[in-house]
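Given next are the chains, with one letter for each unit.
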Amino acid sequence: MPTAAQIKKCLTDSIAQDIIDTAAEGGITYWAMRPTQAEFDALPEGKTWTIVEGIDDRNFGGKREVDGVHYLNADDVREAYAKLLDLDQGYVNSEIHGYIVQSWLDKDEEGIETGMIDADAADAIVQVALFGDLVYS
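The text that follows walks through the structure, step by step, so that each part is easy to find. In this convention, every chain numbers its residues from 1, walking through the sequence in written order. Totals for whole chains, interfaces and linings use every residue, but because this is a predicted model, local features are given only for residues with pLDDT of at least 70 and side-chain atom pairs only at 80 or more, for both listing and counting. Only hydrogens and water are set aside when side-chain values are computed; all heavy atoms of the structure are taken into account.

This part is about the overall build of the protein. Each helix and strand in the protein was counted, giving six helices and three strands. Along the protein, helices and strands appear, N-terminal first, in the series α-α-β-α-β-β-α-α-α. For this measure, only C-alpha atoms enter the radius of gyration; the expected value for a globule follows 2.2 Å times N^0.38, where N is the number of residues. In terms of overall size, the protein behaves like a compact globule, its C-alpha atoms giving a radius of gyration of 15 Å where 137 residues would be expected to give roughly 14 Å. Referenced to the eigenvectors of the C-alpha coordinate spread, the extents of the protein come out at roughly 45 × 30 × 25 Å. We call a residue buried when its accessible area falls under 20% of the maximum for its residue type, exposed when it is over 50%, and partly exposed in between, using a 1.4 Å probe and counting protein chains only. Counting across all 137 residues of the protein, residues that qualify as buried make up 42%. Computed by Shrake-Rupley with a 1.4 Å probe, the accessible areas treat only the displayed protein chains as cover when residues are assessed. When the accessible surface of the protein is summed, it comes to about 7,600 Å², and 46% of that surface belongs to carbon and sulfur atoms. Counted as positive: Lys and Arg. Counted as negative: Asp and Glu, with His and the chain ends omitted from the count. Note on charges: their place is set at NZ of Lys, CZ of Arg, CG of Asp or CD of Glu. Charge centroids of the protein, computed over 10 positive and 27 negative side chains, lie 5 Å from each other. The numbering of helices and of strands both runs from the N terminus, where a helix is a DSSP run of H or I of at least 4 residues and a strand a run of E of at least 2.

Structure (structure tokens):
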């Protein structure tokens, strides 16, 4: 198991941004929605990303229902990645776990191989970072 320092070196802030982008573009869209300006503006110091848990059905005649507003930073993403990288993790199935492990095995001087982090893996990383577990599947 890599150390926290090794993960920090290989999962840079830029790579954490890539994971969040992958999640936002398709991984978490079934349980999260775009933040409002007010939700963005409430970003606490030390946090980088705003994740709004809930459903926005306004385009279909419904309403916007917020279940929670959460904030993450790169260290939260790194900690979740480390938990999911662990060979004894019990969060995700072997396919998603395999993508995460392969992203570590394929790392180079620039960091982990983000091409291995698909929408499902990014979703799992965000959920573990926010909730400590997979709440949505």
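Each full turn of the α-helix corresponds to 3.6 residues, which orients residues three or four apart in the same direction. Over its 12 residues, helix H4 (residues 74–85) extends 16 Å from the first C-alpha to the last, a length consistent with the 16 Å expected when each residue adds 1.5 Å. Within H4, nine of the 12 residues are buried, leaving the element largely enclosed by the surrounding structure. The complete set of buried residues in H4 reads Ala74, Asp76, Val77, Arg78, Ala80, Tyr81, Ala82, Leu84 and Leu85. Taken together, the buried residues of H4 touch helix H1 (4–10), helix H2 (13–27), strand E2 (49–56), strand E3 (64–72), helix H5 (94–105) and helix H6 (119–131). Counted as a polar contact is a pair of N or O atoms within 3.5 Å, where, for protein atoms, one must be capable of donating a hydrogen and the other of accepting one, and residues adjacent in sequence contribute only when both atoms are in side chains. Between the side-chain oxygen of the N-cap and the backbone nitrogen of aspartate 75 there are 3.0 Å, and the N-cap of H4 in question is asparagine 73. A helix's residues, less one, multiplied by 1.5 Å, set its expected span. Contacts are residue-level and defined by heavy atoms, with any inter-residue pair within 4.5 Å sufficient.

The next thing to look at is the pattern of salt bridges. One side-chain nitrogen of Lys or Arg within 4 Å of one carboxyl oxygen of Asp or Glu is enough to make a salt bridge. A full pass over the atoms with the stated rule returns six salt bridges. In this structure, the salt-bridge partner of aspartate 13 is arginine 78, at a minimum N-O distance of 3.1 Å. Of this pair, aspartate 13 sits in helix H2 while arginine 78 is found in helix H4, placing the two residues 65 residues apart along the sequence. With relative accessibility at 7%, the residue arginine 78 sits in the buried group. Here glutamate 39 makes a salt bridge to arginine 64, at a shortest N to O gap of 2.7 Å.

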